[in-house]
Amino acid sequence: MSGETVKRFNVLWLQAGACGGCTMAFLDHGRRGVFAELDAFGIDLLWHPSLSEATGDEVVAILDGIAEGRIPLDALVVEGTVLTAPNGTGRFQMLAGTGASLLDWIRRLAARARHTVAVGSCAAFGGIPVASPDPGEGVGLQFEGIERGGALGAGHRGAGGLPVVAVAGCAPHPGWIVETLIALASGELGAGDLDPLGRPKFFADHLAHHGCSRNEFYEFKASAETASDRGCLMEHLGCKATQAVGDCNQRRWNGSGSCTDGGYACIACTSPEFERARGFLATPKIAGIPVGLPLDMPKAWFMALAALSKSATPKRVRLNALKDHVVVPPGRAKRWGAEGGEG
Amino acid sequence: MSRIVVGPFNRVEGDLELKLDAEDDRVVAARVTTPLYRGFEQILIGRPIADALVIAPRICGICSVSQSLAAASASAAFSGTTPAPNGALTTALAHAAENLADHLSHFYLFFMPDFARADYAGRPWAGEIGARFTAMKGTAAAEFLPVRTRLLEIMGLVAGKWPHSLAFRAGGTTRALDLGGKARARAILADVRAALERTLFAAPLEAIAEIASAEDLDRIAARGDGDFAEFLRLADDLDLHRLGPGPGMVMSYGAYPGTAGSGPLFAAGLFDTTTGTRAPLVPGHIVEDPAHSWLAGEAGPPARAETQPDIDRADAYSWARAPRYDGHAVEVGAVARQLVDGHPAIRALVARDGATSVASRVVARLVEIARVLPAMETWIGRITPGDPFCTVATEPSDGSGVGLIEAARGGLGHWMTVRGGRITRYQIVAPTTWNFSPRDGGGNPGPLERALEGTTLAGRGARAAAIQHVVRSFDPCMVCTAH
Ligand code: SF4
Ligand code: SF4
């Protein structure tokens, strides 16, 4: 950022009822490493449980300093479900060395933070730990599933004016996390850049299905039947990417991958209540028709299109859909000495 | 006697609190608390078997492949499925990538920054170690993170993404590799090898893997460049060889099955460091005891356990149960794997130290890296494009299955019972459940509790650096511990 004076932006990161996977994803970001990337944008990790030197009473001093208003805090990042069990006490997760629950700490610290960021679907909406029977009585920071509320309440706004910024995903793409922090640090993220659930639109205005390498199979309804088949995963194997937000297939994950490129269903991990599904890896159907149809597509339309495209499926697409590697390559042009036209 | 509370204990995966009783500046008793409970075992009950593949990995973001594999292997045992040979290789490849990333993250991000603390300002090496290993600011982290990112590109190729992939099944993996994919996997490993041979070992991996004696380690310490040699010198200077002695018995479930003929790459078994003898693993000897846990119930085998919170249980101080093998608290992890497998230098080092220690836990992890990466290279060579990567499992509706695998931090077990196609019991015993177990019903402490006894606090109380070293030497994963 040459030519600009970088105003530092400090971040406190806490892990509530988390698996730590969001931090693991975060650490994956940046060609020069995430520390160098954050530094380039003036972002300092005031304290991070997995990464900082400060431990024990040194940490408690930082937390007290923020809670008492002596240390200004630009962003509180929370990863993990906020556990309220038993009976709203939060004793299922006590912050070690403090005798207080994470629930209490999060409420005290969020009241002081200019922005509060939920990293991951757990902190955003509740996530996997609130799956039935919800043993920890978990909530998200500002949502409990699709209902507004959560640990901080529907009305919470940071001093910066924003509701909780929800970097949904289980785990989110590393870019979603770091780009959100950069946009906050640069002052560019406004309320209009968030969808109604608080998810940054730069990833939430897309569907996970956009850009999937199986799109040709989707068009012809040439469907995978068993794990590792190349066909579309929607009809039989549970893919919800036509209903799930995220630019998942427009970015690459870990260099070259994505869920559907990896051969398995999108389970809509960016959506509140995705954990309520049963039988994630099989498509629920009524009378042979998938229950969850693409967002904003009328059912009759979809049925008609599906029937039409199935009847028009080229042999190449039909056969390749049921194998883990290409068995019928695109035809070669006659002038190259093979049959059929290219493609 | 004074009571010291240590926490928040950071640079471990998840939440940890210690309560130490000290006398004359020494720890006389330690109690290890796992302060987080989410209830994954309760969540798994009543679901279709395949849903365990979605839910179990989310126990832990740092070893999610291990959790997936334990679930897939319990399901394979239940359905009698043998993975496709290609799938066994790609599974091992992804698992090894995760394990190596974890070993390296532990060394560079969690463990070494403690030597850059002001406690050591007077040591002759303080300046150099500070510049290299200061948390988040040292040159080592800056060099390591891009290597970690590159290594995890194996996940993009084999498993779609990391963490929390659904690619791992009873029958193999869901993404086939072609020739281009094999070449990309090789290129990733070539980059990682080059980085490790330059900065971590300053030597070919094979030269590290093949060390045969404690004296070989001394020679590396005496003249070696690289971070490994640096650690060996610190270990000698601070006598980390006597710090944090393990319980004597170590255990491994055997690592990377299906990659070395019929057996795993690293053998399964028990090893007694006091007698130097090995014994076969008998899974029936595993019992879990909730006597000091905020959980209801009595001691018993995991296959028959049920998990219900009881936050007011008398004498409880942790969400973790106390797993015991034939009544013993046992240590698990890289040092256990290498001892059981019989790596000569690790066996010799532990014999010389008298027990597993802060030093040997770290050395074993690094030696393991040097052994595993060359094995990964050969696995890629054996993948046959065109052959299946995933066999289809036909599942009976009733039965049970046990999945015992080696995560980076040691043995991980899933015990599953199924009725009418639904999970009726699911019990998980994770590596750090073993290492950081609370006392059992007989009052016997867990491995870390025992390892902390006798540690000198050097007048620093809760801030004593030695406590930090002992705890982190186990590379605890607290989110797995109580799950
Ligand atoms: S597999 Fe899923 S994301 Fe890919 S084309 Fe089919 S429905 Fe879309
Ligand atoms: S493809 Fe679906 S399950 Fe995968 S990361 Fe995107 S939203 Fe989540």
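Residues numbered from 1 in each chain as written. Chains lettered and ligands numbered in written order. Predicted model: local features only at pLDDT ≥ 70, side-chain atom pairs only at ≥ 80, totals over all residues. Heavy atoms only, no water.

## Brief notes about the overall build of chain A
To keep it simple, the criterion reads: The helix count covers DSSP runs of H or I at least four residues long, the strand count covers runs of E at least two residues long, and both are numbered beginning at the N terminus. The buried label goes to any residue with under 20% of its type's maximum accessible area, the exposed label to any with over 50%, and the partly exposed label to all in between, with areas taken from a 1.4 Å probe on protein chains only. Contact between two residues is taken to exist if any of their heavy atoms lie within 4.5 Å; hydrogens are not considered. Residue exposure ignores everything except the shown protein chains as possible cover, and the areas themselves are Shrake-Rupley values with a 1.4 Å probe. We score Asp and Glu as negative and Lys and Arg as positive, and we do not count His or the chain ends. Positions of charges follow a simple convention, taking NZ of Lys, CZ of Arg, CG of Asp or CD of Glu.
Check the secondary structure of chain A and you find 10 helices and 13 strands. Along the first, second and third principal axes, the C-alpha atoms of chain A reach 75 × 50 × 35 Å. The buried share of chain A, reckoned over its 343 residues, is 61%. A separation threshold of at least 6 residues defines the contact pool for chain A, and within that pool the share at least 24 residues apart is 68%. Accessible surface computed for chain A: about 13500 Å², of which carbon and sulfur atoms make up 54%. For chain A, the distance from the average position of its 32 positive side-chain charges to the average position of its 35 negative side-chain charges is 8 Å.

## Focus on helix H6 (residues 174–185) of chain A
Residue and element names in this part refer to chain A. Short version of the rule: Residue count minus one, scaled by 1.5 Å, sets the expected span of a helix.
Its 12 residues place the ends of H6 17 Å apart at the C-alpha level, agreeing with the 16 Å of an ideal helix rising 1.5 Å per residue. Burial analysis of H6 places 10 of its 12 residues in the buried class, the great majority of the element. Those residues of H6 not exposed but buried are Pro-174, Gly-175, Trp-176, Ile-177, Val-178, Thr-180, Leu-181, Ile-182, Ala-183 and Leu-184. Positive backbone phi, approximately 75°, marks Gly-187, located one or two places after H6.

## A word on helix H6 (residues 139–151) of chain B
When the terminal C-alpha atoms of H6(B) are compared, their 19 Å separation across 13 residues agrees well with the 18 Å that a helix rising 1.5 Å per residue should span. For H6(B), the set of buried residues is Ala140(B), Ala141(B), Phe144(B), Leu145(B), Val147(B), Arg148(B), Thr149(B) and Leu151(B). Those residues of H6(B) hidden inside the fold are in contact with helix H1 (21–26) and helix H2 (34–40) of chain A together with helix H4 (85–111), helix H5 (126–133), helix H7 (153–158) and helix H8 (179–200) of chain B.

## A short note on the state of the cysteines
Residue and element names in this part refer to chain A. Counted only if it meets this: The rule for a disulfide is simple: a pair of cysteine sulfur atoms within 2.5 Å.
Inspection of the entire model under this criterion finds 0 disulfides over all chains. Unpaired in terms of disulfides, Cys-122 finds its nearest cysteine sulfur in Cys-170, a separation of 5.5 Å. We classify Cys-122 as buried; its relative accessible area is 15%.

## Examining the site of ligand 2
Residue and element names in this part refer to chain A. The line we're drawing: Being near a molecule or strand, for a residue, comes down to having at least one heavy atom within 4 Å of it. Here a cavity denotes a set of grid points, spaced 1 Å apart and computed over the protein atoms alone, in which a 1.4 Å probe fits but from which it cannot get out, and a pocket denotes an open set meeting protein on both sides within 12 Å along at least five of seven lines; residues with an atom within 4 Å of a point are reported as lining. Just a note on the criterion: a molecule sits in a pocket or cavity if more than half of its atoms are within 2 Å of the grid points. Note that Gly is not counted as nonpolar here; it falls among the polar residues with everything else outside the nonpolar set of Ala, Val, Leu, Ile, Met, Phe, Trp, Tyr, Cys and Pro and the charged set of Asp, Glu, Lys and Arg.
Around ligand 2 sit Ala-208, Val-245, Cys-248, Trp-253, Cys-259, Cys-266, Ile-267, Ala-268, Cys-269 and Thr-270, and those are all the residues in its vicinity. Most atoms of ligand 2, that is more than half of them, are within 2 Å of grid points of the largest cavity. Per-class residue counts for the shell around ligand 2 are 9 nonpolar, 1 polar and no charged.

## Observations regarding the sheet that holds strand S13 (residues 422–429) of chain B
Residue and element names in this part refer to chain B. So the rule is basically this: Should DSSP find at least two bridges between two strands, the strands are taken to pair. Note on geometry: axes are lines fitted to C-alpha atoms, helical ones only across the stretch in contact, with angles between N-to-C directions running from 0 to 180 degrees.
Taken in spatial order, the 3 strands make up an open sheet running S11-S12-S13, and their pairing is antiparallel. Of all strands in the sheet, those bounded by a partner on one side alone are strand S11 (399–407) and S13. Going from strand to strand, the sheet's axes swing by 15° on average, the running direction of each strand aside.

## A few points about the domain arrangement of chain A
How large an interface is tends to be reported as the accessible area lost when its parts come together. Residues and elements named next belong to chain A. Worth spelling out the cut-off: What marks off one domain from the next here is an automatic or database domain assignment. When two parts are brought into contact, each loses some accessible area as probed by a 1.4 Å sphere; the total of that loss over both is the buried area. For this analysis, a salt bridge means a side-chain nitrogen from Lys or Arg found within 4 Å of a carboxyl oxygen belonging to Asp or Glu. Counted as a polar contact is a pair of N or O atoms within 3.5 Å, where, for protein atoms, one must be capable of donating a hydrogen and the other of accepting one, and residues adjacent in sequence contribute only when both atoms are in side chains.
Parsing chain A into structural domains produces domain 1 (9–203) and domain 2 (206–324). Between the C-alpha centres of domain 1 and domain 2 there is a distance of 32 Å. Contacts between the two partners involve 24 residues from domain 1 and, on the opposite side, 17 residues from domain 2. Carbon and sulfur atoms supply 59% of the area buried between domain 1 and domain 2, which totals about 1600 Å² over both sides. At the boundary of domain 1 with domain 2, the tally comes to 1 salt bridge. The residue Arg-251 makes a salt bridge to Glu-179 at a minimum N-O spacing of 2.7 Å. Inspection of the domain 1/domain 2 interface yields 10 residue pairs in polar contact (both at pLDDT 80 or more). Its residues placed into classes, the side of domain 1 that touches domain 2 shows 13 nonpolar, 7 polar and 4 charged.

## Here we look at the interface of chain B and chain A
Across the contact, 82 residues belong to chain B and 73 residues belong to chain A. Applying the counting rule to chain B against chain A returns 5 salt bridges. A salt bridge links Asp312(B) to Arg91(A); the nearest nitrogen and oxygen atoms lie 3.6 Å apart. The interface formed by chain B and chain A holds 32 residue pairs in polar contact (both at pLDDT 80 or more) in total. Breaking the side of chain B that touches chain A down by element, the ones donating at least two residues are helix H1 (40–44), helix H2 (52–55), H4, H6, H7 and helix H17 (465–473) of chain B. Among the elements that make up the side of chain B that touches chain A, the one with the highest residue count is H6(B) (6 residues).

## Overview of the nonpolar core
For clarity, the threshold we go by: Note on terminology: a nonpolar core comprises buried Ala, Val, Leu, Ile, Met, Phe, Trp, Tyr and Cys residues joined through side-chain atoms within 4.5 Å.
In terms of nonpolar packing, the biggest core is built from 218 residues, with Phe26(A), Leu18(B), Phe115(B), Leu200(B), Phe201(B), Phe228(B) and Ile467(B) touching the most fellow members. Split by domain, the residues of this core number at least three in each of domain 1 (9–203) and domain 2 (206–324) of chain A. Contacts of Leu18(B), omitting those with residues within four sequence positions, involve Ile4(B), Val5(B), Val6(B), Phe9(B), Arg31(B), Val32(B), Leu448(B), Leu452(B), Ile467(B) and Val471(B). Formed by 36 residues, the second largest nonpolar core is a distinct cluster that contains Leu63(A), Phe125(A), Leu152(A) and Leu197(A).

## Overview of the site of ligand 1
Every residue lining ligand 1 is accounted for by His209(A), Cys212(A), Arg214(A), Asn215(A), Tyr218(A), Cys232(A), Leu233(A), Met234(A), Cys239(A), Ala241(A) and Thr260(A). Class assignment of the residues belonging to the shell around ligand 1 gives a composition of 7 nonpolar, 3 polar and 1 charged.

## Looking at the packing of aromatic side chains
What counts is decided by this rule: Between the rings of Phe, Tyr and Trp (Trp by its six-membered ring), a pair exists once the centres lie within 6.5 Å; its type follows the angle of the planes, with under 30 degrees stacked, over 60 edge-to-face, and the other angles tilted. Remark: a charge is flagged as sitting over a ring if the NZ atom of Lys or the CZ atom of Arg is within 6 Å of the ring centre and within 35 degrees of the ring normal.
Applying the stated criterion across every chain, the model contains 22 aromatic pairs over all chains. Consider the rings of Phe202(A) and Phe203(A), whose centres lie 5.5 Å apart with planes at 80°: the pair is edge-to-face. Judged by its relative accessible area of 31%, Phe202(A) is partly exposed. Residues Tyr120(B) and Trp125(B) carry aromatic rings whose centres are separated by 5.4 Å and whose planes lie at 50° to one another, so their mutual orientation is tilted. The class for Tyr120(B) is buried, based on a relative accessible area of 10%. Aromatic rings pair up to connect Phe107(B), Tyr108(B), Phe111(B), Phe115(B), Tyr120(B), Trp125(B), Phe133(B), Phe144(B) and Phe231(B) into one cluster. When the ring centre of Phe133(B) is taken as reference, the NZ or CZ atom of Arg132(B) above it lies at 5.9 Å.

## Concerning unusual backbone geometry
Where the residue is not glycine, phi is negative for most of them; where a peptide bond is considered, it is trans in most cases. Residues and elements named next belong to chain A. Residue Pro-86 follows Ala-85 across a cis peptide bond; omega there is -15°. For Pro-86, the location among the structural elements is in the loop between strand S4 (82–83) and strand S5 (94–95). Between Cys-170 and Ala-171 the backbone carries a cis peptide bond, its omega angle lying at -10°. Along the polypeptide, Ala-171 turns up in the loop between strand S11 (165–167) and H6.

## A word on the packing of helix H3 (residues 57–67) of chain A against helix H4 (residues 102–110) of chain A
Working note: a packed helix pair is described by the angle between its axes plus the distance between those axes. Residue and element names in this part refer to chain A. Basically, it comes down to this: Orientation labels follow simple angle bins: below 35 degrees gives roughly parallel, above 145 gives roughly antiparallel, 65 to 115 gives roughly perpendicular, and whatever is left gives oblique. Working rule for handedness: look at the near helix, and if it is turned counterclockwise from the far one by less than a right angle, call the crossing left-handed; if clockwise, right-handed.
At a minimum axis separation of 8 Å, H3 and H4 run at an interaxial angle of 50°. Considering their axes alone, H3 and H4 lie oblique with respect to each other. For H3 against H4, the interelement crossing comes out left-handed. Contacts between H3 and H4 involve Leu-63, Asp-64, Ile-66 and Ala-67 on the former and, on the latter, Trp-105, Arg-108 and Leu-109.

## Observations concerning the sheet that holds strand S2 (residues 17–23) of chain B
Residue and element names in this part refer to chain B. Strands sit in the order S1-S2-S3 across an open sheet of 3 strands; the sheet is antiparallel. At either margin of the open sheet sits one strand with a lone partner, and together these are strand S1 (2–6) and strand S3 (26–33). Recorded for the sheet is a direction-independent mean angle of 20° between the axes of neighbouring strands. Across 7 bridges, the pairing between S2 and S3 is antiparallel. Paired with Lys-19 across the bridge in S3 is Arg-31.

## Concerning the packing of H4(B) against helix H14 (residues 358–382) of chain B
Residues and elements named next belong to chain B. H14 packs onto H4 with a crossing angle of 150° between their chain directions and a minimal axis gap of 9 Å. Our classification of the angle between H4 and H14 gives roughly antiparallel. Judged by the twist between their axes, the crossing of H4 over H14 is left-handed. The segment H4 lies against H14, with Asn-86, Leu-89, Ala-92, Leu-93, Ala-96, Ala-97, Leu-100, His-103, Leu-104, His-106, Phe-107 and Phe-111 engaging Val-358, Val-362, Arg-365, Leu-366, Glu-368, Ile-369, Val-372, Leu-373, Met-376, Trp-379, Ile-380 and Arg-382. Classifying every residue of the contact of H4 with H14 by side-chain character gives 18 nonpolar, 3 polar and 3 charged.

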